[in-house]
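Inside the fold
Okay, here's what each chain looks like letter by letter:
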Amino acid sequence: MTVAPRPGEPLAAPSPATEPLWPSADALAGVTARLAASAPLVTPADCADLRTQLAAVASGAAHLVQGGDCAELFDEVSAHTTRRKAAQLTELADLVEIATAVPALTVGRIAGQFAKPRSSAVERLPDGGSLPVYRGDAVNALEADPAARVPDPARLLTARERAASIHATLDVLAAASGRRVFTSHEALLLDYENALVRPAASGPYGGSAHLLWAGERTRDPAGPHIGLLSRITNPVAVKLGPATAREDLQALIDVLDPQRTPGRLSFVARMGAGHVRRVLPALAGAAREAGCLPVWICDPMHGNGQRAASGRKIRLVDDVRTEVAGFVAALREAGAHPGGIHLELTPDDVTECVDLPDDPTPRYWTGCDPRLNPAQARDVVRAFAAAVSP
Ligand code: PEP
Ligand code: CO
């Protein structure tokens, strides 16, 4: 087990597999100064409102539908695409509400999901060559060209600008519909996130989104990403893979939720269909022993990746459904509430997740991981709603 940093203590250096090595420290400093002088994208009041609603999810009085792209792309950002994404999340939450007779809230992987942690620093090409890996539009370009893959800190400014325009559209939709699509993304790029932390009466908050999460690769309780989340008052989440130790979970609770504040901390279990029933009950028990009532969220995507013969990343919809059912069963066994679902999905009619490993994938448009198309997403969300219904 690692020991958590005390406030003010220096934090460990980020790992090159997850943090881009910006080519110019001066260019980066200019960018972070501009970010630091910019307006925050969310208000402390909306972040607190989300925390209150998440407290209801933690206690079993509501559910959560969280979803969106694996990697948002700058070129796709428009009021039109934002409206379609928000409408998809709203439709899915309606399905859950109708099936379970309790409210469901919507949180998008949206307006900031522009950076990707990667397992390898290089992408192998079919011709045997290799390229620096794509790290998300906030860092480099998807285009298969070595020059396009050089990290460019000016992209952080574009990320903020695109995120601001998405937030503006979501604000208009919230004013019209009453139901807000809250925003979330992985807090991976410390230069971006730190520069957008803002003071508020209740303490510093992350101004880049309502909810920020740490990924499976950056959830070290003593690492800099958890250190960042510990210093802000937003609701926060941590992804948990199948190798998560009980001690790590308890260390995360102590660092991120020392006051055991309802709605502050969510755990996103991304175990894999074959692991969730075995691994999750003990972790839910460990949280309870620590006196914590987290929101338990099922991410049935990231533990179920595989490669098709074509080399493309795919996921089988059946594995996704199996993990959802296993998640609900595991939490019920542990006496905890299966609070929500976290999906990679799109309103576009794509074929990225499939029924069989050799199914063709003609409309494979994702910038990173395979997403559920609208029919697949409804199918998975109905499975969740049916499993959690009384
Ligand atoms: C993701 O959510 O896209 C992701 C990389 O997840 P994880 O950290 O769970 O692997
Ligand atoms: Co992903």
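Only a predicted model underlies this, so the values are computations on that prediction, with no experimental measurement involved.

With 5 of 5 residues buried, strand β9 (residues 236-240) lies mostly within the body of the structure. Burial along β9 is two-sided: Val 236, Val 238 and Leu 240 and Ala 237 and Lys 239, pointing in opposite directions, are all buried. When strand β8 (residues 211-214) meets β9, the two strands line up parallel, connected through 3 bridges. Bridge pairing in β9 links Ala 214 to Val 238. Each parallel crossover has a hand, and for β8 linked through helix α6 (residues 224-230) to β9 it is right-handed. Alignment of β9 against strand β10 (residues 265-269), held across 5 bridges, turns out to be parallel. From the neighbouring strand, Ala 237 faces β10, where its bridge partner is Ser 266. Read as a crossover between parallel neighbours, the route from β9 over helix α7 (residues 246-256) to β10 is right-handed.

What follows is about the pattern of salt bridges. Close approach of charged atoms allows side chains of opposite charge to pair. Under the definition given, this model contains 22 salt bridges. In this structure, the salt-bridge partner of Arg 109 is Glu 344, at a minimum N-O distance of 3.0 Å. Within this pair, whereas Arg 109 is found in strand β2 (residues 104-109), its partner Glu 344 is found in strand β14 (residues 338-344), the two being separated by 235 residues in sequence. Here the two residues Arg 109 and Glu 344 agree in accessibility, since each one is buried. Ionic pairing is found between Glu 216 and Arg 219, a salt bridge with its closest N-O pair at 2.9 Å. Taking relative accessible area as the criterion, Glu 216 reaches 22% and is therefore assigned partly exposed. On the accessibility criterion, Arg 219 (10% relative accessible area) is buried. Each of Arg 109, Lys 313, Arg 315, Glu 344 and Asp 369 takes part in salt bridges that share partners, so that together they form one network.

Below, the discussion takes up the environment of Asp 355. With respect to the secondary-structure elements, Asp 355 resides in the loop between β15 (353-354) and α10 (374-388). Taking relative accessible area as the criterion, Asp 355 reaches 53% and is therefore assigned exposed. With 38 residues separating them in the primary sequence, Asp 355 and Val 317 have C-alpha atoms 5.7 Å apart. What Asp 355 contacts, discounting residues up to four positions off in sequence, is Leu 316 and Val 317.

Time to look at the site of ligand 1. As a matter of local geometry, ligand 1 sits amid Cys 70, Arg 109, Lys 116, Pro 117, Trp 213, Gly 215, Glu 216, Arg 217, Lys 239, Arg 270, His 302 and Glu 344. Note that an oxygen atom of ligand 1 is positioned 3.0 Å from one of the side-chain N or O atoms of Arg 217. Taking Lys 239, its side chain carries an N or O atom lying 2.8 Å from an oxygen atom of ligand 1. With the chains in place, 98% of the 290 Å² that ligand 1 exposes on its own is no longer accessible. Given that more than half its atoms are within 2 Å of the pocket grid, ligand 1 belongs to the largest pocket. Grouping the amino acids of the shell around ligand 1 by side-chain chemistry returns 3 nonpolar, 2 polar and 7 charged.

Residues in a regular strand point their side chains to alternate faces of the sheet. In β8, alternate side chains face the same way, and those of Leu 211 and Trp 213 on one face and Leu 212 and Ala 214 on the other are all buried. Relative to β8, strand β5 (residues 181-186) runs parallel, the two sharing 3 bridges. By the bridge assignment, His 185 is partnered in β8 with Leu 212.

We now examine the coordination of the cobalt ion (ligand 2). For the cobalt ion (ligand 2), every protein donor is listed as Cys 70 (SG), His 302 (NE2), Glu 344 (OE) and Asp 369 (OD), and the spread of their distances is 2.1 to 2.4 Å. Every donor residue of the cobalt ion (ligand 2) comes from the same chain, spaced as C-x231-H-x41-E-x24-D. Of this pair, Cys 70 sits in the loop between β1 (63-68) and α3 (79-100) while His 302 sits in the loop between β11 (295-298) and β12 (305-307); the two residues are 232 residues apart in sequence, bridging distant segments of the chain.

Considering all chains together, one arrives at 2 aromatic pairs under this definition. Where Phe 74 meets Phe 114, the ring centres are 5.0 Å apart and the plane angle is 65°; that geometry is what we call edge-to-face. One end of the pair, Phe 74, is in the loop between β1 and α3; the other, Phe 114, is in the loop between β2 and β3 (122-124), and 40 residues separate them in sequence. Exposure remark for Phe 74: the relative accessible area of 7% places this residue in the buried category. Between Phe 267 and Trp 296 the ring centres are 5.4 Å apart and the planes differ by 35°, which places this aromatic pair in the tilted class. With Phe 267 in strand β10 and Trp 296 in strand β11, the pair connects residues that are 29 residues apart, well separated along the chain. A single burial state applies to Phe 267 and to Trp 296, both of which are buried.

With that settled, the discussion passes to the layout of surface pockets. Size it by volume and the largest pocket reaches roughly 1200 Å³. Lining the largest pocket are 42 residues, with Arg 118, Arg 307, Lys 313, Cys 368 and Asp 369 positioned closest to its centre. Within the residue set of the lining of the largest pocket, elements represented by two or more residues are β3, β12 and β13 (313-316). For the lining of the largest pocket, the class distribution of residues is 15 nonpolar, 11 polar and 16 charged.

Now for the sheet that holds β9. What the 8 strands build is a closed barrel, ordered β1-β2-β5-β8-β9-β10-β11-β14; its pairing is parallel. Shown here is a sheet whose adjacent strand axes are inclined to one another by a mean of 25°, direction ignored. Looking at chain direction, β1 and β14 are connected through 5 bridges and run parallel. Across the sheet, Val 65 pairs through a bridge with Ile 341, a residue of β14. Across the sheet, helix α2 (residues 44-58) touches β1, β2, β5, β8, β10, β11 and β14, and the angle it forms with β2 is around 125°.

Thresholds, definitions, all that
Residues numbered from 1 in each chain as written. Chains lettered and ligands numbered in written order. Predicted model: local features only at pLDDT ≥ 70, side-chain atom pairs only at ≥ 80, totals over all residues. Heavy atoms only, no water. Buried < 20%, exposed > 50% of the residue type's maximum accessible area, 1.4 Å probe, protein only. Helix = DSSP H or I, 4+ residues; strand = E, 2+ residues; numbered from the N terminus. Pairing = 2+ DSSP bridges. Right-handed = clockwise from strand over helix to strand, strands pointing away. Salt bridge = Lys/Arg side-chain N within 4 Å of Asp/Glu carboxyl O. Contact = heavy atoms within 4.5 Å. Near = heavy atom within 4 Å. Polar contact = N/O pair within 3.5 Å; in protein donor to acceptor, adjacent residues only side chain to side chain. Areas by Shrake-Rupley, 256 points an atom, 1.4 Å probe, with all protein chains shown as cover. 1 Å grid on protein atoms, 1.4 Å probe; cavity = no way out; pocket = protein on both sides within 12 Å on 5 of 7 lines; lining within 4 Å. Sits in = over half its atoms within 2 Å of the grid points. Nonpolar A, V, L, I, M, F, W, Y, C, P; charged D, E, K, R; others polar. Donors = N, O, S within 2.8 Å, 3.2 Å for Na, K, Ca; no water. Phe/Tyr/Trp six-rings, centres within 6.5 Å; stacked < 30°, edge-to-face > 60°. Points joined across faces, edges and corners; volume = space filled by probe spheres on them. Axes fitted to C-alpha atoms, helices over the stretch in contact; angles between N-to-C directions.

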